[in-house]
Amino acid sequence: MDNNFSLSALIRSRRSTRRFQEQSVSRALLLQCVEAARLAPSAENSQPWRFFIVDDPACKDTLAQKAFGGVFLPTRWAAAAPVLVVLCLQTDSIAKRMASKVAGTTFSMIDIGIAGEHFCLQAEELGLGTCWIGWFDKKGAQQALKLDKRFQPVIMLAVGYPLDSNRRPGKRKDLDEICFFNQGEKPPHLPPS
Ligand SMILES: Cc1cc2nc3c(=O)[nH]c(=O)nc-3n(C[C@H](O)[C@H](O)[C@H](O)COP(=O)(O)O)c2cc1C
């Protein structure tokens, strides 16, 4: 299978989208993206992610004002996205937090990252552009959406139809800079994809 919707093609075509058409995004499509995220793996199958989808313009304005002010002003571009998704961590039991402390890795953040990328790749297949946003005021977002304290904003996703279809690919490190076999052998050269 080597068509435009193969996983390999989607991984290669996805780019961060920061300029969007004004066209709104249907809730059916947004839910398809959340459905893809819902199927993501998570430590102990804890599924700690909660997706708060903001598609109402007035609510989005409130969110943008609270989340993209002061030092977070560079993220103001995202206010023009038709949809902002605030990806929250549903706070764990003390036992789970202790387990990830003992293992030395915050599993819940990994879980959120996997689910978020499932969302983004599904969006790509549907012709939607996305951009991860880490640079925002988390307390401000929590206030704007009147979120219960149990839900901690971790990351946002801007979603919409891309304005420019010729978005340039981001630069990436070479394979032999990031991949090692056994005790440090470099990987064999792969044919270009
Ligand atoms: C966890 C995370 C946080 C990010 N935060 C921001 C952000 O706050 N603002 C922004 O414009 N891009 C943000 N990005 C997008 C990255 O800048 C982008 O993925 C990277 O430059 C590679 O470009 P590409 O996505 O087009 O391949 C973030 C990406 C990730 C994965």
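Only a predicted model underlies this, so the values are computations on that prediction, with no experimental measurement involved. (Residues numbered from 1 in each chain as written. Predicted model: local features only at pLDDT ≥ 70, side-chain atom pairs only at ≥ 80, totals over all residues. Heavy atoms only, no water.)

S.K.: I'm lost on the overall build of the protein in this one. Help?
M.R.: Helix and strand counts for the protein come out as 7 helices and 4 strands. Secondary structure elements of the protein, listed N to C terminal, follow the sequence α-α-β-α-β-α-α-β-α-β-α. Overall, the protein is about 55 × 45 × 35 Å in size when its C-alpha atoms are taken along their principal axes. Expressed as a percentage of the 193 residues in the protein, the buried residues total 38%. Of all intrachain contacts in the protein linking residues separated by at least 6 positions in sequence, the fraction that spans at least 24 positions is 76%. Taken as a whole, the protein presents about 12,000 Å² of accessible surface, with 55% of it coming from carbon and sulfur. Positive and negative side-chain charges of the protein, numbering 25 and 19 respectively, have mean locations separated by a distance of 6 Å. (Helix = DSSP H or I, 4+ residues; strand = E, 2+ residues; numbered from the N terminus. Buried < 20%, exposed > 50% of the residue type's maximum accessible area, 1.4 Å probe, protein only. Contact = heavy atoms within 4.5 Å. Areas by Shrake-Rupley, 256 points an atom, 1.4 Å probe, with all protein chains shown as cover. Lys, Arg positive; Asp, Glu negative; His and termini not counted. Charge placed at Lys NZ, Arg CZ, Asp CG, Glu CD.)

S.K.: In this structure, what is going on with the environment of Leu 84? I would like to understand it.
M.R.: Among the structural elements, Leu 84 can be located in strand E2 (residues 83-90). In contact with Leu 84, other than residues within four places in its own chain, are Phe 52, Ile 53, Val 54, Lys 60, Leu 63, Phe 68, Ala 78, Ile 133, Leu 157 and Ala 158.

S.K.: Which parts of the structure should I look at to understand the nonpolar core?
M.R.: Considering soluble globular proteins, one finds that nonpolar side chains tend to be buried as a cluster. Counting 24 residues, the largest nonpolar core has Phe 51, Phe 119, Leu 128 and Val 159 as the members making the most contacts within it. Of all the secondary-structure elements, those providing two or more residues to this core are helix H2 (27-38), strand E1 (49-54), E2, helix H5 (107-125) and strand E4 (151-160). Leave out the neighbours within four places in its chain, and Leu 128 touches Val 25, Leu 29, Cys 33, Ala 123, Val 159, Gly 160, Tyr 161 and Pro 162. Judged by nonpolar contacts, the second largest core, of 21 residues, contains Ala 81, Phe 136, Leu 145 and Met 156. (Core = buried A, V, L, I, M, F, W, Y, C linked by side-chain atoms within 4.5 Å.)

S.K.: Explain empty space enclosed by the protein here, please?
M.R.: The gaps of empty space that remain are located by a probe, the size of a water molecule, rolled over the atoms. This model, assessed by the stated rule, comprises 1 cavity of 30 Å³ or more. In this structure, the largest cavity encloses a volume near 90 Å³. For the lining of the largest cavity, the secondary structure elements donating two or more residues are helix H4 (94-103) and H5. A per-class count over the lining of the largest cavity returns 3 nonpolar, 3 polar and 4 charged. (1 Å grid on protein atoms, 1.4 Å probe; cavity = no way out; pocket = protein on both sides within 12 Å on 5 of 7 lines; lining within 4 Å. Points joined across faces, edges and corners; volume = space filled by probe spheres on them. Nonpolar A, V, L, I, M, F, W, Y, C, P; charged D, E, K, R; others polar.)

S.K.: Help me understand the site of the ligand in this model?
M.R.: Lining the immediate surroundings of the ligand are Arg 14, Arg 15, Ser 16, Arg 18, Trp 77, Cys 131, Trp 132, Ile 133, Gly 134, Trp 135, Ile 155 and Arg 172. Trp 132 places a polar main-chain atom, nitrogen or oxygen, 3.2 Å from a nitrogen atom of the ligand. Trp 135 has a polar backbone atom sitting 2.9 Å from an oxygen atom of the ligand. Protein chains bury 60% of the 620 Å² of accessible surface belonging to the ligand in isolation. Per element, the largest residue contribution to the shell around the ligand is 3 residues, and it comes from strand E3 (residues 129-133). Partitioned by chemical class, the residues of the shell around the ligand number 6 nonpolar, 2 polar and 4 charged. (Near = heavy atom within 4 Å. Polar contact = N/O pair within 3.5 Å; in protein donor to acceptor, adjacent residues only side chain to side chain.)

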